Amino acid sequence: MTKSLKLPVDALKLNIDVESLSIPEISKQCDTLLGQERAQSALEFGVAMKNPGYNIFVMGEPGTGRLSMISNYLTQFSINQEAPPTYAYVDNFEKAREPISVQLPAGHGQAFSKDIEQLIENLLATFPAAFESPAYQQKKTTIERRFNQQYNAAIDLVDKKAETMNVALYRDSDAITFLPIRDNKTLDEDQFTLLPQLEREAFHKHSEELEVYLADVLIELPQWRRTLVDETKQLDNETIGLAIDPLFTELEQKYQNIDDVISYLAELKKDVAETITDFLMPSRSQDIRDNSTKRLILTEQYMPNILVDYKQENGAPVIYESHPTYQNLFGRIEYMSDQGALITSYRRICAGSLHKANGGYLILDAEKILTYPFVWEGLKRALKSSKIEIETPFSEYGVNTITLKPEVIPLNVKVILVGPRDIYYLLEDMDSEFNEMFRVLADFGNHIKLTQDSVEQFVSLMVKQATDSGALPLTKAAIARLIEHSCRISENQQRLSAHINDSLEIIGEANQLCAGNGLTEIDKAQIEFALIAKESRSGRIAEEILDEMVDGTILIDTSGEAIGKVNGLTVMEVGGSSFGAPARITTTVYPGSRGIVDIEREAELGQAIHSKGVLILTGYLGYCYAQQFPLAISASIALEQSYGYVDGDSASLAELSCLISALTRTPIKQCFAMTGSINQYGEVQAIGGVNEKIEGFFKLCQARGLNGEHAVIIPVSNKRNLILKQEVVDAVEQGLFAIYAVSNVNETLELLMGKTAGTMNQDGEYPEGTINFNVVARLKEIAEMDDDNEDEEKQNKANS
């Protein structure tokens, strides 16, 4: 029977027909997601669905190539879609704190910006030259002459009246004074003081009369001045209008079908007149002589701030935001220091990823957007309102400064969140709005069925990676080894691992190992060297544990027999690597009814699943052995020299075998190591890490010297998970090592103890001399001892 349980060499690893592999042309690319038909179907549906709320959550573990596959797929899909419109911010001339958004057709942003730049250059070339034309100067002179004539006429009236009073009128610029006359000559102050008192008083009286009269005739002077200013301003505006009309006419014709631009040009035309008056008039231009300074002023006032501008032939944008802070996602307003104060303008509005992806696709890391403050709530708000609003999220917390409130921009984007399963279920449970906005789930599996199609896609992906990374070409044997490695990661001979990145990394490492060796291609040997080197880099702890086993620090027997001792198999994970190692399990049995004590659990080192596996042992003992009498047993089970937390039920088969050995005092062959979980009916169940466990025990036996008796017992359901290293396969082929696959406890006991386990007959009894018969006899003996003790205790109580 034991021979039939031994696995043949062919069952120990994946066998690939190298010659059947075909390497595709370099130019041929796979346009599907490798082995992810379900996820691809969901992605295609979500991308095609235009209704609101049909954003996509891509669920899968890191390293499965989710991000690169989705990016490649969306890039190929989006190239045939229309490019989104261009958006820009311009100044709001009425409310400077509320910049206006302008929408243009795709690809028109930079052209519009250049047109406004040329308009600024034309304005600088036109003004103040337009005010130096003869026509303007003549009209201006006429207006000024009219004012002067009115003013002079009024002064002449006063002058004539002054002559009748023998008083002279003296004009010094705009100042008017009155002087006394004697002998047809004006008198100065000294001469005036020599005049008789009566003449001086008469002069003062005449001066007062003349000043009153002057005030009367010049009562309309303010109106004359207002008329002068108004007529001059009107002339300036007419001159400006005549000069700028040709500049704007061409722009208005060019953008006549773009409403936002036409509205902006109309407002710009109004504001330009004031700006010219302020900065470009001849009187003003003397203050600002540098043309570059004038250009800078006009640029800051009128140049549009182009947020996004995609060319039509580029299709819809696909944006991945690797650092989704609030500002990076929704945009930000930058500030500059001016004499100690922070100032800003519409020109310092910066686009966020939502702006860049508007009209296309935005890929975000789900874990990151939940990490940064305000981002998740802001994203939901933007998707619900279909608007992008640039704001300062910290203002409500007292962190504020003078800022802008830009006009919102319409949002039309398909958001793709990429995250692990726990994040998806967390959002689904904790956020009631999540399912309303992310209705499509693209579930990336951890494994890919090994079919002809998936193999071809895998080969194409490996060849493409080697080409894109500049690595040497891959041979068929190298690709076959990569397929085997991928299946080993998935722990299944019929499944490729979805962690494609692991295989891609091996190509780069193998290529590095080829450097300087004069090789022209990467063969199986180079892939093998890369895998060995990778294992060696993280293998220090595994080597130290093996050394301690070999020198006897960690007690593990690989020969002889022992009662109540068995070699279990464990997997240890350190960082990103894992390795297997044997561990001694011991059991002691003694009379009593305390039950099976799990020492790991009592020491609070055993985790829940491990404790469950130990509790199942009692159920098995009761089902198989204690149908005719109460089960009374006291036993202790320990995983020796284990000083950390223990979890998993893969040791339950070894613990049961050890318990039966201690119970029946039947020795167990120490050349065996075993792994497997059991249920209450004694069926052996599959476990994880079977390859690492086998190889861990193999290394110990190899270090001590293989003798042909060393073997590992595994569940028969784990046969498909076997993808062992070549050295193990070679040892099995040479008869130095063996692997047995069992389906129940009886098969395991017969292998370990070299005796017949025995099958229960119709009367519920086992054949005499079998292992199970001995178990029943021993349990019955303990139960009777327990009954005798109870009777004795009752008698003692009665006597007392």
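Since this is a predicted model, take the numbers as computed values, not measurements.

(A) Examining the sheet that holds strand E5 (residues 175-182) more closely. Here we have 3 strands laid out as an open sheet, ordered E4-E5-E6, and antiparallel in their pairing. Taken across any chain shown, the strands that pair with only one partner, and hence form the sheet edges, are strand E4 (167-172) and strand E6 (185-186). As judged from the 6 bridges shared by E4 and E5, these two strands associate in the antiparallel manner. Counted as the bridge partner of arginine 171 is isoleucine 176 from E5. Packing of helix H7 (residues 197-217) onto the sheet brings it into contact with E4 and E5, and relative to E5 it is tilted by some 145 degrees.

(B) Quick look at the environment of glutamine 327. Positionally, glutamine 327 belongs in helix H12 (residues 326-330). As for glutamine 327 and leucine 123, which are separated by 204 residues in sequence, their C-alpha atoms are 36 Å apart.

(C) Focus on helix H2 (residues 37-48). Taking 1.5 Å of rise per residue, the 12 residues of H2 would be expected to cover 16 Å, and the 16 Å separating its terminal C-alpha atoms lies within 8% of that figure. Listed as buried for H2 are Ala39, Gln40, Ala42, Leu43, Gly46 and Val47. Down the axis of H2, the buried side of the element spans an arc of 165 degrees, and every buried residue falls inside it. Exposed and oriented more than 90 degrees from the buried face of H2 are Glu37, Arg38 and Ala48. Tucked inside the fold, the buried residues of H2 contact strand E1 (56-59), helix H3 (66-78), strand E13 (361-365), strand E16 (414-419) and strand E17 (440-443).

(D) Looking closely at the pattern of salt bridges. Tallied over the entire structure, the rule returns 27 salt bridges. A salt bridge links glutamate 267 to lysine 270; the shortest N-O distance between them is 3.8 Å. Linking glutamate 267 with lysine 270, this pair stays in helix H9 (residues 259-280), spanning 3 residues, or about one helical turn. Assessed through its relative accessible area of 31%, glutamate 267 is described here as partly exposed. Of the charged contacts in the structure, one is a salt bridge between glutamate 377 and lysine 380, with a shortest N-O distance of 3.3 Å. With glutamate 377 and lysine 380 both in helix H15 (residues 375-385) and 3 residues apart, this pair spans about one turn of that helix. Owing to a relative accessible area of 4%, lysine 380 belongs among the buried residues under this scheme.

(E) The layout of surface pockets, seen in detail. Computed from the structure, the second largest pocket encloses a volume of approximately 560 Å³. Along its surface, the second largest pocket is lined by 23 residues, and Lys50, Asn51, Asn412, Val413 and Lys414 are the ones closest to its centre. When contributions to the lining of the second largest pocket are tallied by element, the ones reaching two or more residues are H15 and helix H17 (434-437). Looking at the lining of the second largest pocket, the element that brings in the most residues is H15, giving 3 residues. The residue makeup of the lining of the second largest pocket, split by class, is 9 nonpolar, 8 polar and 6 charged.

(F) Examining the sheet that holds E1 more closely. With parallel pairing, the 5 strands of this open sheet are ordered in space as E8-E13-E16-E1-E17. Two strands in the sheet have a free side with no partner beyond their single neighbour: strand E8 (318-321) and E17. Recorded for the sheet is a direction-independent mean angle of 20 degrees between the axes of neighbouring strands. Looking at chain direction, E8 and E13 are connected through 4 bridges and run parallel. Pairing of isoleucine 319 across the sheet is with leucine 362, part of E13. Contacting E1, E13, E16 and E17, H2 runs over the sheet at an angle of about 150 degrees to E17. Its contacts with the sheet put helix H16 (residues 421-430) on E1, E16 and E17, and the angle it makes with E1 is roughly 140 degrees.

Calculation rules
- Residues numbered from 1 in each chain as written.
- Predicted model: local features only at pLDDT ≥ 70, side-chain atom pairs only at ≥ 80, totals over all residues.
- Heavy atoms only, no water.
- Pairing = 2+ DSSP bridges.
- Helix = DSSP H or I, 4+ residues; strand = E, 2+ residues; numbered from the N terminus.
- Contact = heavy atoms within 4.5 Å.
- Axes fitted to C-alpha atoms, helices over the stretch in contact; angles between N-to-C directions.
- Expected span 1.5 Å × (residues − 1).
- Buried < 20%, exposed > 50% of the residue type's maximum accessible area, 1.4 Å probe, protein only.
- Arc of directions from axis to C-beta.
- Salt bridge = Lys/Arg side-chain N within 4 Å of Asp/Glu carboxyl O.
- 1 Å grid on protein atoms, 1.4 Å probe; cavity = no way out; pocket = protein on both sides within 12 Å on 5 of 7 lines; lining within 4 Å.
- Points joined across faces, edges and corners; volume = space filled by probe spheres on them.
- Nonpolar A, V, L, I, M, F, W, Y, C, P; charged D, E, K, R; others polar.

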